Each structure stands twice: as structure tokens, then as C-alpha cells.
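# Chains, contacts and geometry: an overview
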Amino acid sequence: LEGDLSVLEVPYIYWDWGSHWSPNGRLILTPVNRRLHLWDSSGNLMTTLEGHTDWVVSASWSPDGRLIVSTGADGTLRLWSANGTLLR
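Residues numbered from 1 in each chain as written. Predicted model: local features only at pLDDT ≥ 70, side-chain atom pairs only at ≥ 80, totals over all residues. Heavy atoms only, no water.

### What to know about the nonpolar core
Of all hydrophobic cores here, the largest spans ten residues; its members are Leu27, Leu29, Leu36, Leu38, Leu49, Val56, Ala59, Trp61, Ile68 and Trp80. Among the elements of the structure, β2 (27–32), β3 (35–40) and β5 (56–61) are those that each provide at least two residues to this core. With three residues, the top contributor of residues to this core is β5. Discounting residues that sit within four places of it in the chain, Trp80 has contacts with Leu36, Leu49, Glu50, Gly51, Arg66, Leu67, Ile68, Ser70, Thr85, Leu86 and Leu87. (Core = buried A, V, L, I, M, F, W, Y, C linked by side-chain atoms within 4.5 Å. Buried < 20%, exposed > 50% of the residue type's maximum accessible area, 1.4 Å probe, protein only. Helix = DSSP H or I, 4+ residues; strand = E, 2+ residues; numbered from the N terminus. Contact = heavy atoms within 4.5 Å.)

Now the structure itself:
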């Protein structure tokens, strides 16, 4: 790893199934309950992605950072744009 690594303090996270940095390192995606929170690298909440009707089980970025995929305990898979728009 290169560069200065620091801890990002993100408020209001009660249960974290796994946070994921975007490939470019500018955004962080955090599943929380039935939502996904999208934060900037300074810890500011940019948007909340809502669409699952039960817990978000996993989430990941596409290799180019343009898409986000999430799965939920509701049996669904959701596809989002990097700005948080639900695509499918």
C-alpha cells in the first residue's frame, strides 16, 4: 500500500456488514439495515440507496466504479449507478 492511510470516521453506523471503497478511492459504500449509504472520503453522507425490503446482505463496486450491486435477505439483487440511482 502506498500513501497516507488514515481512519475514516463515519457516523450513525450501528451494524456494518462490510464497507467497500470505490475503485478510485473517493467513495465508500456501507450497507446498513435495508439501505446502502454512500459517503465521500471525508465522511460526508452523499446519498442513501433504498430498494431492499429486508437486510442488505452484501454490496460491491464494479471494477470501473460505475456500478454498485447489492443483494438482500429479501432474495433480490439490485443494480445501482455510482451516484445511487436504482437501475434494476
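### Here we look at the pairing of strand β7 (residues 77–81)
Of the pairings in the sheet, the one linking strand β6 (residues 67–72) to β7 comprises five bridges and is antiparallel in character. In the strand pairing of β7, Val69 is matched with Leu79. Linkage of β6 to β7, two consecutive antiparallel strands, is achieved through a turn of four residues, within which Gly75 is found at a positive phi near 85°. (Pairing = 2+ DSSP bridges.)

### Observations concerning the confidence of the model for the protein
Close reading of the predicted structure is inappropriate where its pLDDT is low. The share of residues in the protein with pLDDT of 70 or more is 81%, and the mean pLDDT across the chain is 83. Mean pLDDT across the secondary structure elements of the protein bottoms out at strand β1 (residues 20–21), with 86, and peaks at β7, with 94. (pLDDT = per-residue confidence, 0-100.)

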